[in-house]
Amino acid sequence: MRRHLLSFTLNFLGIALLITLIVAPIYFARNFAKVAGAKSESKYLLISQVDKFPNMTFIQEGDNYRISFSKVGPQQAYQQVFIVNNPTDSPQTYSLEVTSGASKVFFGENLDNQLTKISLPQSASVPLGLFSDVGDLEQNQQVQFKIIVKSE
Amino acid sequence: MITKSITKLIDEAITPAVTLIVAKMLGIFLTIYLLNLPFTIVKGGILYLLPSVHFQNLSDYIIAENYSNLAMFVVASLGTIIVLIKAHCLHESHISPTLHAKLVSLNLERLVTPSYHLYHQAAIWLTFLWITVTFLIISTLLKVTYPQITIIAAVVAANFSWVFAVDIEKEVQISRET
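Calculation criteria
Residues numbered from 1 in each chain as written. Chains lettered and ligands numbered in written order. Predicted model: local features only at pLDDT ≥ 70, side-chain atom pairs only at ≥ 80, totals over all residues. Heavy atoms only, no water. Helix = DSSP H or I, 4+ residues; strand = E, 2+ residues; numbered from the N terminus. Buried < 20%, exposed > 50% of the residue type's maximum accessible area, 1.4 Å probe, protein only. Contact = heavy atoms within 4.5 Å. Areas by Shrake-Rupley, 256 points an atom, 1.4 Å probe, with all protein chains shown as cover. Salt bridge = Lys/Arg side-chain N within 4 Å of Asp/Glu carboxyl O. Pairing = 2+ DSSP bridges. Axes fitted to C-alpha atoms, helices over the stretch in contact; angles between N-to-C directions. Polar contact = N/O pair within 3.5 Å; in protein donor to acceptor, adjacent residues only side chain to side chain. Nonpolar A, V, L, I, M, F, W, Y, C, P; charged D, E, K, R; others polar. 1 Å grid on protein atoms, 1.4 Å probe; cavity = no way out; pocket = protein on both sides within 12 Å on 5 of 7 lines; lining within 4 Å. Points joined across faces, edges and corners; volume = space filled by probe spheres on them. Core = buried A, V, L, I, M, F, W, Y, C linked by side-chain atoms within 4.5 Å.

1. Details of the overall build of chain B
Looking only at helices and strands, one finds 5 helices and 2 strands in chain B. For chain B, the proportion of its 178 residues judged to be buried stands at 40%. Within chain B, contacts between residues separated by at least 24 positions form 66% of all contacts whose residues are at least 6 apart in sequence. Total accessible area on chain B stands at roughly 10,000 Å², and carbon and sulfur atoms take up 71% of it.

Below, the structure written as structure tokens:
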């Protein structure tokens, strides 16, 4: 009985070793070369340009992005604070959802048409801007937002 | 206590597995060298242990992947061709007497291969060949490998399998006659 059990275990391990040997080159072939910086599971890349703006700070907590800045005039806009890139090989629809703060976050550079939803073709990018309106009087502004992805 | 066949298959699988890995690596590095592609080597890219090659953009990655996949397939095909030549010309059960006599006179009798050794070797090389074709098909569906390479690979693999099946048929016929 013990001999049979040992024989079964050794044969099982033998087959596992054989499968590993057969699969190893394919696993290696699949993973040996990659594109730098792009992860296949990532549906978007958010490139920060915050350091170009004085007195602006950016904090990321998971999928939540928080920006703090000081207001210097009654109405002000910051353009190209971020760049959103679609690294996938299919078109993606991105929506912006402000979870806290009075300032607005929008796609593009057109202040008269502040888009909160955009469809991006594969490998395309779009700038992301910030807008603080007249009614918002707080000097220290903070806005927290999320980017929601919907595959087409 | 491991079945003799499993031990034999493991023994036969080591060389092709290593050869395919080396072919993939050489394919990547030769493409980088000949086409002057910018790249970086990242530590722990494979299973947190082995390094991997990172390309700066998608088009360079696709070029390197295509050439290295082709190199891998060519090596898998060459291995299979050698086994098929052995099966048809140097197979112990049906080697031509003239050739056998010539090999003996040249002290090359070790080239004559028995069925047991040959069929294990063929099973392994054909498995590697078809697994490479499957990998190429998946890679083509992911828009990395050019479809031309995959189509040629599938046709070559199918033909090699057919050539091997012909040898098995011959072997079965011989065993029926004896």
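2. Structural notes on the overall build of chain A
Per the secondary structure count, chain A includes 1 helix and 10 strands. Along the chain direction, N to C, the helices and strands of chain A fall in the order α-β-β-β-β-β-β-β-β-β-β. Split into buried and exposed, the 152 residues of chain A put 38% on the buried side. Long-range pairs, those at least 24 residues apart, make up 72% of the contacts in chain A between residues at least 6 apart in sequence. Of the roughly 8,900 Å² of accessible surface on chain A, a fraction of 56% belongs to carbon and sulfur atoms.

3. Re the side chain of Q49 of chain A
Considering the arrangement of structural elements, one finds Q49 of chain A in the loop between strand 2 (45–48) and strand 3 (57–61). With near-sequence residues (within four places) excluded, Q49 of chain A lies in contact with Q80, V81, F82 and I83 of chain A.

4. Thoughts on the pattern of salt bridges
Per the counting criterion, the structure on display carries 3 salt bridges over all chains. Between E61 of chain A and R66 of chain A there is a salt bridge, with the nearest N and O atoms lying 3.6 Å from each other. Here E12 of chain B makes a salt bridge to K8 of chain B, at a shortest N to O gap of 3.1 Å. Separated by 4 residues within a single helix, E12 of chain B and K8 of chain B lie in helix 1 (residues 4–35), roughly one turn from each other. Using a relative accessible area of 10% as the deciding quantity, one classes E12 of chain B as buried. Note on K8 of chain B: relative accessible area 15%, which makes it buried.

5. Overview of the sheet that holds strand 5 (residues 76–85) of chain A
All names here are of chain A. Taking strand neighbours across the sheet as the criterion, the 4 strands line up as 2-5-9-7 in an open arrangement whose pairing is antiparallel. Looking at the sheet topology across the chains shown, the edges are occupied by strand 2 and strand 7 (104–107). Neighbour-to-neighbour, the strand axes of this sheet turn through a mean angle of 30°, independent of strand direction. Examined bridge by bridge, strand 5 and strand 9 (residues 125–132) share 7 bridges and lie antiparallel to one another. Across the sheet, the residue bridging to N85 is S125, located in strand 9.

6. Structural notes on the interface of chain B and chain A
On the chain A side, the residues contacting the 35 residues of chain B number 25 residues. Our enumeration of links across chain B and chain A arrives at 0 salt bridges. At the boundary of chain B with chain A, the tally comes to 5 residue pairs in polar contact (both at pLDDT 80 or more). For the side of chain B that touches chain A, the secondary-structure elements that each account for two or more residues are helix 1, strand 1 (39–46), strand 2 (50–55), helix 2 (58–89) and helix 4 (115–141) of chain B. Looking at the side of chain B that touches chain A, the element that brings in the most residues is helix 1 of chain B, giving 12 residues. Taken together, the residues of the side of chain B that touches chain A sort by class into 26 nonpolar, 7 polar and 2 charged. Across 3 bridges, the pairing between strand 1 (residues 33–35) of chain A and strand 2 of chain B is parallel. Residue pairing for strand 2 of chain B: V35 of chain A is matched across the bridge by F55 of chain B.

7. Things to note about the layout of surface pockets
To find leftover empty space, one rolls a probe the size of a water molecule over the atoms. For the second largest pocket, the calculated volume is near 210 Å³. Forming the walls of the second largest pocket are A24, Y27, F28 and F32 of chain A together with I21, M25, I46, L47, L49, L50 and P51 of chain B. For the lining of the second largest pocket, the secondary structure elements donating two or more residues are helix 1 (2–31) of chain A together with helix 1 and strand 2 of chain B. Ranked by residues supplied to the lining of the second largest pocket, first place goes to helix 1 of chain A with 3 residues. Across the lining of the second largest pocket, the residue classes tally to 11 nonpolar, no polar and no charged.

8. Examining the nonpolar core
By size, the foremost hydrophobic cluster in this structure holds 30 residues, and its most contacted members are L18 of chain A together with A13, M72, F73, I124, F128 and L129 of chain B. Only helix 1 of chain A together with helix 1, helix 2, helix 4 and helix 5 (147–177) of chain B provide two or more residues apiece to this core. When residues of this core are assigned to their parent elements, the largest contribution, 9 residues, is made by helix 4 of chain B. Excluding residues within four positions of it along the chain, I124 of chain B makes contact with L18 and I22 of chain A together with L9, E12, A13 and P16 of chain B. Core analysis: the second largest hydrophobic core is formed by 24 residues, Y94, L120, L128 and F145 of chain A among them.

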